[in-house]
Amino acid sequence: MTSSVRGLLVDVDGVLRLWPRRSSITAALECGLPEQAVRSVAYDGGFDLAHHGVWSHEQWVEQVTTRLSEEFGAAGKRAAELWAADRGDADPAMADLLRRARAAGLITCALTNNTTVVAADLELHGLADVFDHVANSAEIRVTKPAPGAYEAALALMDLPAGQVAFTDDSRTNITAALHVGLHAHHYTGAEEFERFLTGLGVTLPPAAGEPPVRAAGVPAGTAPPSSHAEADEATTVATRYLTTGLPPAVLAARLAVHDPTVTVVPLGPDALATVGAAGTLTTWRLLPHGADPRAAAGHVNAWAEAAGDVDAEHLPPWTPATRTAAAGRADDLLHHTGWALHQLAAADAGGDPLAAATHLDAVRQHLTALATLLVRHQPAPWPGATASRYLPPVIREALTASRRADPTSHTGLAASLRPLLGLLRHLRQMTQLVLDTTSSWPWPHTAAALAPLLDGPPDLTARAPEDALYTPALAAVYERHRPLAQPMADALRSWAAKELSGCDVVELGAGTGRITRQLAGHGPASYRAVEPSAAMAAHLRDANLAGVEVVEADALLLPLPALGADVVVEHETLQFAADPLLAADEALRVLRPGGRLVRLLLHPAGPHPLAGIDAAYRRAAFADGPRPLFFGKGTDQRITAHLAAFGRPTQDRTLADFTQHRTAEQALGALADRAWPYQHQLTEPAHRDGLAAARQEAARLPASVSVPYVLRALITPADQEEC
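First, a word on what this report is: a plain description of the structure on this page. Computed from a prediction, not measured in an experiment: that's the story for all the values here. (Residues numbered from 1 in each chain as written. Predicted model: local features only at pLDDT ≥ 70, side-chain atom pairs only at ≥ 80, totals over all residues. Heavy atoms only, no water.)

## Looking at the overall build of the protein chain
Scanning the protein chain from N- to C-terminus turns up 28 helices and 18 strands. Buried positions account for 51% of the 723 residues belonging to the protein chain. The long-range fraction of contacts in the protein chain, counting pairs at least 24 apart against all pairs at least 6 apart in sequence, stands at 71%. Carbon together with sulfur atoms contributes 55% to the accessible area of the protein chain, which is approximately 31300 Å² in total. (Helix = DSSP H or I, 4+ residues; strand = E, 2+ residues; numbered from the N terminus. Buried < 20%, exposed > 50% of the residue type's maximum accessible area, 1.4 Å probe, protein only. Contact = heavy atoms within 4.5 Å. Areas by Shrake-Rupley, 256 points an atom, 1.4 Å probe, with all protein chains shown as cover.)

See the structure below:
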């Protein structure tokens, strides 16, 4: 095949140069500094100035050294020196690929967000010969993912975007490259990149002393990792992910030629199924060129660890236009789901287990797509793809449970379907909450069609499942491990006496009443404590707080009248809503003119000295799967900006500054009791692994520390400012 590709555009860090020692963290720990001390200083605004060429590399390192020395003395200076001395390691496989590319006549160019030291570093690692050109942000004065960065590199190469293949370890940069028109590949290794180039028709000469490799007739595909929902050992149905430019019908023909004993069934535009001579059913997920099959299959180390690549904090908010478009898409997906369920029932009644299993897979894919649309927790690994890595645990558990039985038998099909129907009920409710739309599909008819398979019509009404995280076990220990410091309690009571007396108050996310106790006893006209978790709400009711009405409801759909409250208050609750901005809008709906939305925030005034204990627990407990995605205080910045855009400025008031004594034993006790919601998705062995790692980390840290905290109130008026 003749290729139109004439050049390779390659990122440097994370691709050609690797950083296995994680020097910013290693240096900090070696010098006795907090784990993030060097990183937080080195990669703040100063780094932005350095990689835009405002500062030289030397100026950047100097200011990092100065700041660390001022804060930590000689230990800070030594940590800065250790960090700056590490120049990473060259990847010999990628260097060899680039040299072979140049030997084949391809133009090679680096495109890197970096400082002025890049040329010296390439020389240091013996890589001065791998590139024809280097587009360094410190010199071109523009950084990826801005289109101008790619355009500057293409100008150096004197090639159009359509003739250049690009690779980078950041998905954000891949998305931007596709927008510019480059052939783009998310980098996971030199071998994968070369396979991508081969798919584009690029043939590189073999490495020295390496015999030419004959292409296999049919690729093996990429299997999900052990313990994954689709792993071979977890189900009798195998799943393989395959990068290919071939449509399913063409690939099906090739698979059949390769092994005539295999029956091949295309499953639409991006999947097909094969049944081997032994009856083994394999579902093939077909990915476009540029996709990473290991990432799609769920291999954790194929996903970037950098916060920027997996950050759900900064997704654009819903707007009327995007919500309208999403509502239409959600309705389509629910229609597709309903139709696939009817097809599944018909195939089962007709004695066609393969067709029934195929339609079950379609149901799973439609529901995964709908969940991804609604929660928007993870950017897709390639344009248009459905990602489920960071779906909430209750959703992921339903998808996982649907793969634990053999769907090619009647009983296995029923067992596989039941968790998906629970998920369908949940997503129908979420569609109503988030998008304010109701599915028009005739669900009673679908329930009737499924009755023979499930020994009766299933309940398909829209409703939430039991909360998998906020369990009765969590509610029982919740307050034990969240002690309210006396200065914080005093500040809350003082503020409530001044601001809530005589008011109709609504508290969002009241939990077991930890904050409610401080606010409700100071003369409000009424006090409604809203809590979505049944277990937490039960504890709050049992407390019998005078004048408090407990309302079990979601912040996205409050069962309260419009214009019925003077104050809506919450303590770090909106950041956990499925859509924080929509929850803020709902709070404004129930406020009267002159009312206020009050967001209470408590956070350490700097890095928490014992944070490494929880971090060690999460690393070990989630070693075989994606770590939980945490929402930080940045959510409140988004809400503030959202409210300001509609003429509602926010006042930021400090209610208290205080110091709280904390011990490593307290941190370990909270973990042992599973006092954090994310722990309730873990198996007992994973929990034990996490505790063992946490204890090891605690042994390295001080037994007790004094942590400075700041309690703030973000106060937004219900009334819009006049323009």
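So much for the structure itself; the text now carries on.
## Digging into the side chain of Arg514
Relative to the helices and strands, Arg514 is located in the loop between strand 12 (504-508) and helix 22 (516-519). Within the buried set, Arg514 has no salt-bridge partner at all; the shortest N-O distance to an opposite charge, 6.1 Å, is to Glu479. For Arg514, the residues in contact, after removing those within four places along its chain, are Glu479, Arg482, Pro483, Leu484 and His571. (Lys, Arg positive; Asp, Glu negative; His and termini not counted. Salt bridge = Lys/Arg side-chain N within 4 Å of Asp/Glu carboxyl O.)

## Some points on unusual backbone geometry
In this model, Lys144 is joined to Pro145 through a cis peptide bond whose omega is 10°. For Pro145, the location among the structural elements is in the loop between helix 8 (137-140) and helix 9 (147-157). Unlike most non-glycine residues, Asp455 shows phi in positive territory, near 60°. By secondary structure assignment, the location of Asp455 is in the loop between helix 19 (443-454) and helix 20 (472-477).

## Structural notes on the environment of Val707
Its location among the elements puts Val707 in strand 18 (residues 704-717). Looking at Val707, the relative accessible area reads 1%, which means it is buried. Residues Val707 and Gly606, spaced 101 residues apart in sequence, show a C-alpha to C-alpha distance of 8.7 Å. With residues near it in sequence (within four places) discarded, Val707 still touches Pro604, His608, Pro609, Phe658, Thr659, Gln660 and Arg662.

## Let's talk about the nonpolar core
Membership of the largest hydrophobic core comes to 67 residues, with the highest contact counts inside it found for Leu417 and Leu427. Ignoring anything within four residues of it in the chain, the contact list for Leu417 reads Leu341, Leu344, Leu360, Leu450, Leu453 and Leu454. Residues Val598, Ile613, Leu655 and Leu682 belong to the second largest nonpolar core, which totals 48 residues. (Core = buried A, V, L, I, M, F, W, Y, C linked by side-chain atoms within 4.5 Å.)

## Considerations on the sheet that holds strand 4 (residues 107-112)
Strand pairing in a sheet relies on backbone hydrogen bonds. The paired strands run either parallel or antiparallel. Strand order in the open sheet formed by 5 strands is 5-4-1-6-7, with parallel pairing between adjacent strands. For this open sheet the edge positions go to strand 5 (133-136) and strand 7 (183-186), each flanked by a neighbour on one side alone. Recorded for the sheet is a direction-independent mean angle of 20° between the axes of neighbouring strands. Strand direction decides the pairing type here: strand 4 and strand 5, joined by 4 bridges, are parallel. Within the sheet, the bridge partner assigned to Ala110 lies in strand 5 and is Val134. Relative to strand 7, helix 10 (residues 171-180) is tilted by about 170°, and along the sheet it contacts strand 6 (164-168) and strand 7. (Pairing = 2+ DSSP bridges. Axes fitted to C-alpha atoms, helices over the stretch in contact; angles between N-to-C directions.)

## A few points about the side chain of Thr143
Within the element layout of this structure, Thr143 appears in the loop between helix 8 and helix 9. The class of Thr143 is buried, set by a relative accessible area of 15%. Excluding residues within four positions of it along the chain, Thr143 makes contact with His51, His52, Asn113, Ser137 and Ala149.

## Overview of the pairing of strand 10 (residues 271-275)
With 5 of its 5 residues buried, strand 10 lies for the most part within the structure. Residues Ala271, Ala273 and Val275 point to one face of strand 10 and Leu272 and Thr274 to the other, with burial holding for every one of them. With 4 bridges connecting them, strand 9 (residues 263-266) and strand 10 associate as antiparallel partners. If you follow Val264 over to strand 10, its bridge partner there is Thr274. As paired elements, strand 10 and strand 11 (residues 281-287) share 5 bridges and run antiparallel to each other. If you follow Leu272 over to strand 11, its bridge partner there is Trp284. Count of turn residues in the strand 10/strand 11 antiparallel hairpin: 5 residues, of which Gly279 carries a positive phi of about 90°.

## Topic: the pattern of salt bridges
Scanning the entire structure with this criterion turns up 29 salt bridges. Put simply, Arg493 and Asp490 hold a salt bridge, and the shortest N to O gap is 2.7 Å. In this pair, Arg493 and Asp490 are both assigned in helix 21 (residues 486-499), 3 residues apart and thus about one turn of the helix distant. Taking the relative accessible area as the measure of exposure, Asp490 reaches 37% and is therefore partly exposed. What you see here is one network of salt bridges that share partners, running through Asp13, Arg17, Arg87 and Asp121.

## Some details on the environment of Thr716
Along the chain, Thr716 turns up in strand 18. Looking at Thr716, the relative accessible area reads 0%, which means it is buried. In this structure, the C-alpha to C-alpha distance between Thr716 and Leu588, residues 128 residues apart in sequence, is 9.5 Å. At a separation of 2.6 Å, a polar atom in the side chain of Thr716 contacts the side chain of Thr650. (Polar contact = N/O pair within 3.5 Å; in protein donor to acceptor, adjacent residues only side chain to side chain.)

## Regarding the packing of helix 4 (residues 57-72) against helix 5 (residues 74-85)
Packing of helix 4 against helix 5 leaves a shortest axis separation of 6 Å and a crossing angle of 150°. Classified by the angle their axes make, helix 4 and helix 5 are roughly antiparallel. The handedness of the crossing between helix 4 and helix 5 is right-handed. Between helix 4 and helix 5, the residues in contact are Trp60, Val61, Val64, Thr65, Leu68, Ser69 and Phe72 and Ala74, Ala75, Gly76, Lys77, Ala80, Trp83 and Ala84, respectively. Of the residues that constitute the contact of helix 4 with helix 5, the class distribution is 10 nonpolar, 3 polar and 1 charged. (Parallel < 35°, antiparallel > 145°, perpendicular 65-115°, else oblique. Left-handed = near helix turned anticlockwise from the far one by under 90°. Nonpolar A, V, L, I, M, F, W, Y, C, P; charged D, E, K, R; others polar.)

## Looking at the sheet that holds strand 18
Read from one edge of the open sheet, 7 strands run 14-13-12-15-16-18-17, paired in mixed fashion. Here the strands that pair on one side only, and so sit at the sheet edges, are strand 14 (548-551) and strand 17 (651-663). On average, adjacent strands in this sheet sit at an angle of 20° to one another, irrespective of strand direction. Bridge count for strand 17 against strand 18 is 12 bridges, and the pairing is antiparallel. By the bridge assignment, Gln660 is partnered in strand 18 with Val707. Taken strand by strand, helix 21 contacts strand 15 (565-571), strand 16 (591-604), strand 17 and strand 18, and its axis lies near 155° from that of strand 17.

## Description of the packing of helix 25 (residues 611-621) against helix 28 (residues 684-700)
Contact pair helix 25 / helix 28: the axes reach a minimum separation of 7 Å and the direction vectors enclose 145°. Between helix 25 and helix 28 lies a crossing of right-handed hand. Here Gly612, Ile613, Ala616, Tyr617, Ala620 and Ala621 of helix 25 come into contact with helix 28, specifically with Ala686, His687, Asp689, Gly690, Leu691, Ala693, Ala694, Glu697 and Ala698. Class assignment of the residues belonging to the contact of helix 25 with helix 28 gives a composition of 10 nonpolar, 3 polar and 2 charged.

From the geometry alone we can't say anything about function, so treat these as descriptive.
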